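Breakdown of the fold
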Amino acid sequence: MLKRLASLALLFCAPVHAAPMLDQGRLQQLASTPYWIALGHYETGKLGGWRSYVDDDAFFLAHDGAHHPDRELKATVQALYAPASLGDKHAQCVFPARTRWLKEQLGLQDLPQPQCQEFKTWYQSIDPHSAALIFPAAYLNSPSSMFGHTLLRIDQSTTRSDDTTLLSYAINFGAYIEGSDNSILYAWKGLAGGYPGLFALMPYQEKLSEYRSLENRDLWEYQLDLTPEETGRMVEHVWELKQIQFDYFFFDENCSYRLLELLQVARPGLDLTSQFPLTAIPTDTVKAVKQSGLVASELYRPSRERELLARAAPLDHDEKRQVLAVSADTAQLQNPAFKALPRERQALIQDAAYRLERYRANGQERDPGQAKRSFELLRAINSNPPPPLAIERPGLPEDGHDSRTWQLGVGTREDRAYAEYGLRMAYHDLNDNAYGFPLGAQIEILQLKVRQYEGNDWQVQRLDLATIRSLTPRNELLKPWSWQVAGGLERVPGKHDDEVLVSHVNGGAGGTWQLGDDLLGFALGTVRVEHHNDFAQFIAPAAGFNGGLLWRNGLGNMTLEAKGDYFTNGEVRRSVSLNQQWEISQNLGLRLSASRQFSHLSTAQNEVMLEVKWYHY
Amino acid sequence: MKRILLGTLFTVASLNAMADAPGGPNCGWGNMLFEGQRGTPAHFLASTTNGTSGNATFGMTSGTNGCSTKSALTYGGKSWFAMNGMMNELSEDMAMGQGEALTTYAVVLGVAPEDRAHFASVTHDHFNQIFSSADVNAETVHSNTLAVLKNDPRLAKYATEA
């Protein structure tokens, strides 16, 4: 009797949850909706079908879910009906975004109710209300930073009223580096997909500190107009991506591409990723986000270095010397020469000295002497505070020229005319349209130039793998190095008065000085190694120089450069060149180049060219 | 109010809720002013990864790291001061009498919006009392702040531990 009662009881107490049977048609239709594809990070495979960017079995419930969104959907629906006792491991707790959507689409009223304690705690402390796209801009002495980076900031319900974002969280996608590879391997693996990519969530203040102080990069904060529901949906999906591995490729499957995917999850119907089939350079993705109407407002946060230079800018030469003296020894604050200065000037000097000390302490272990000096300066600032800094906002990075350049030129070399066709994959050189870029920074990746001389004589003129130049001006307070590095193929004078294609690698270091408001002068010592068919040796080294002027005038940027390479085998190669850009519009420029090249192997050669530069992604 | 929310959240998860002391060295209370910053400064090749080494953090620790959760100033299971560079920024803002870090400090201490300007000027005037030395640590700064608040009639109500 009891047994029968017991089994009867079991029948009534057993959970009546059962996954609904989905017919094939409905399944296929749901599985191919853009939203489900976005949630699974699927892309169309090269030979048809689907492939997910996610490179992690933990993300899929079906064993081949990475290639079959329909099987993944079916498996997810099944898993939603698992017993609630699974708790935090229940599919509803691991995949809250999928759960929400499937529930809506299929009208699932009878789901079990597991306690998703871990997720709830996490979600409540994030308290997502709105979001901002954060763009750390280029740092002049780190040209690869010119590509920029993008991350998201999640603001809470009280952020607006409290008027501080220091309690917000940042969502960052980046390569997950294990162990300590050396610098070159690090860079190579980042480019070539040697590291997995992971999402991380941390206090926004951590990122601010990292970018503004450690890396001295300005930050642009684009407040997005996502509603609390949309922000919440996006954050739910980020929970699904916890510790989930993606591939990471610097150029295409990178931080920016992943963030565009997140925005598409936040607002279904948004299509941002299809604009980036080949590469996703962060500034370009910022443009895309802006064009889609997501951006409500923009805020600029200058880096610590920029603040230091802004504070020191109105100081005259003697006052700058005081800054250096005071920051080296705070006893100088008691010096009669210092105390004789007007109070306001003392305030500025103290603040500049403090900022300089903190700038020097960047990235270092705590030094008690430095800490003591900084502290004395803080005390001095406290008793005589300076006025708040007002820094003029520089050009918007997203309004700079597009990252890819198409080039068409006509010119003459000595008495032969030619047409030149060129394509540069990225990014910016010293003469390109300057708005939104720092003056003196150059980074070019993959540039090919081909010439057609009269008589249908074609030749490859140059193939640059990478050319990076960083001409950061030295001033009284900061004395950074200027440097450059380049490698590829280029044409140089040969024995028979012709141009020979050589492969080369070269580098240089030196200094740059601000000669006027828009005028830089630079001088570098260089080293070069090349393989030249007209040379006896396989590899010929040379030492040399590279100096000149960079002037931003009414038309555009102008460079006047002199270069010399003194080879160990006796060849001496020198050139003088003048380049003037005429900035026609944001994405169009015209450049006049004139040069004279000297070599021991041939007579001096003159070259003049007029080139159209079309910046177009 | 933010501090209550933080407090209860972590009391639920923490196993050490009854600990009086702020906890071990990783909680951030021992952080000194002008602590060196974490992270690698940029070298020109580093930006190809934009990543992090070590565990990809994901926000809240579950409170089992032994840090006291009684204090209001917890953020992610650690002291608010432990955030990269936070204490430095606070000292700078307080020396000047205004700034975002100072506002955030007021928020985290539970100061009501209408009292925040007064909080900024009071702490600015008592800077030497709060940041009493170059080697002062987070715990001391916090208790010094509470002492200063206690002496101000308008702000005394905020001078309680979580």
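Definitions and cut-offs
Residues numbered from 1 in each chain as written. Chains lettered and ligands numbered in written order. Predicted model: local features only at pLDDT ≥ 70, side-chain atom pairs only at ≥ 80, totals over all residues. Helix = DSSP H or I, 4+ residues; strand = E, 2+ residues; numbered from the N terminus. Buried ≥ 20, exposed ≤ 12 C-beta atoms within 10 Å, placed from the backbone. Contact = placed C-beta atoms within 7 Å. Axes fitted to C-alpha atoms, helices over the stretch in contact; angles between N-to-C directions. Parallel < 35°, antiparallel > 145°, perpendicular 65-115°, else oblique. Nonpolar A, V, L, I, M, F, W, Y, C, P; charged D, E, K, R; others polar. Core = buried A, V, L, I, M, F, W, Y, C linked by C-beta atoms within 7 Å. pLDDT = per-residue confidence, 0-100.

**A short note on the overall build of chain B**
A tally of regular secondary structure across chain B gives six helices and three strands. Counting from the amino terminus, helix and strand elements in chain B follow one another as α-β-β-β-α-α-α-α-α. In chain B, which comprises 162 residues, the proportion classed as buried is 48%. In chain B, of all internal contacts separated by at least 6 residues, the share reaching a separation of at least 24 is 66%.

**Some details on the packing of helix H2 (residues 86-96) of chain B against helix H3 (residues 100-108) of chain B**
Residues and elements named next belong to chain B. The N-to-C vectors of H2 and H3 enclose an angle of 105°; their axes lie 7 Å apart at closest approach. Compared by their axis directions, H2 and H3 come out roughly perpendicular. Side by side, H2 and H3 meet where Met86, Glu89, Leu90, Asp93 and Met94 of the first sit next to Ala101, Leu102 and Tyr105 of the second. For the contact of H2 with H3, a count of residues per class yields six nonpolar, no polar and two charged.

**Focus on the nonpolar core**
All names here are of chain A. Core analysis: the largest hydrophobic core is formed by 139 residues, its most contacted members being Leu133, Leu152 and Ile171. Sorting elements by how many residues they give to this core places helix H12 (residues 255-266) first, with eight residues. What Leu133 contacts, discounting residues up to four positions off in sequence, is Thr150, Leu152, Tyr222, Leu224, Val286 and Val289. In terms of nonpolar packing, the next biggest core, distinct from the first, is built from six residues, Leu430, Leu471, Phe522 and Leu524 among them.

**What about the environment of Leu478 of chain A?**
All names here are of chain A. Structurally, Leu478 is set in the loop between strand S14 (473-474) and strand S15 (482-493). Classification of Leu478 as partly exposed rests on a count of 15 C-beta atoms within 10 Å. Separated by 170 residues in sequence, Leu478 and Leu308 place their C-alpha atoms 9.8 Å apart.

**Notes on unusual backbone geometry**
Residues and elements named next belong to chain A. Residue Tyr427 is bonded to the preceding Ala426 through a cis peptide linkage, with omega at 10°. Assignment of secondary structure puts Tyr427 in strand S11 (residues 416-428). For Asp127, which is not glycine, the phi dihedral falls at a positive 50°. Along the chain, Asp127 turns up in the loop between helix H7 (117-126) and strand S3 (130-136). Residues other than glycine seldom take positive phi values, yet Gln243 does so here, at roughly 60°. By secondary structure assignment, the location of Gln243 is in the loop between helix H11 (228-240) and strand S8 (246-247).

**Remarks on helix H6 (residues 96-106) of chain A**
Residues and elements named next belong to chain A. Among all positions in H6, only Pro96, Ala97, Arg98, Thr99, Trp101 and Leu102 are buried. Contacts from the buried residues of H6 go to helix H3 (34-39), helix H4 (69-80), helix H5 (91-94), H7, H11 and H12. Looking one or two residues past H6, Gly107 carries a phi angle of roughly 60°, positive in sign.

**Examining the confidence of the model for chain A**
When pLDDT is averaged across chain A, the result is 89; 93% of the residues are at 70 or more. Counting interchain partners and residues more than four positions distant, the pLDDT-below-50 stretch residues 9-14 of chain A has zero contacts.

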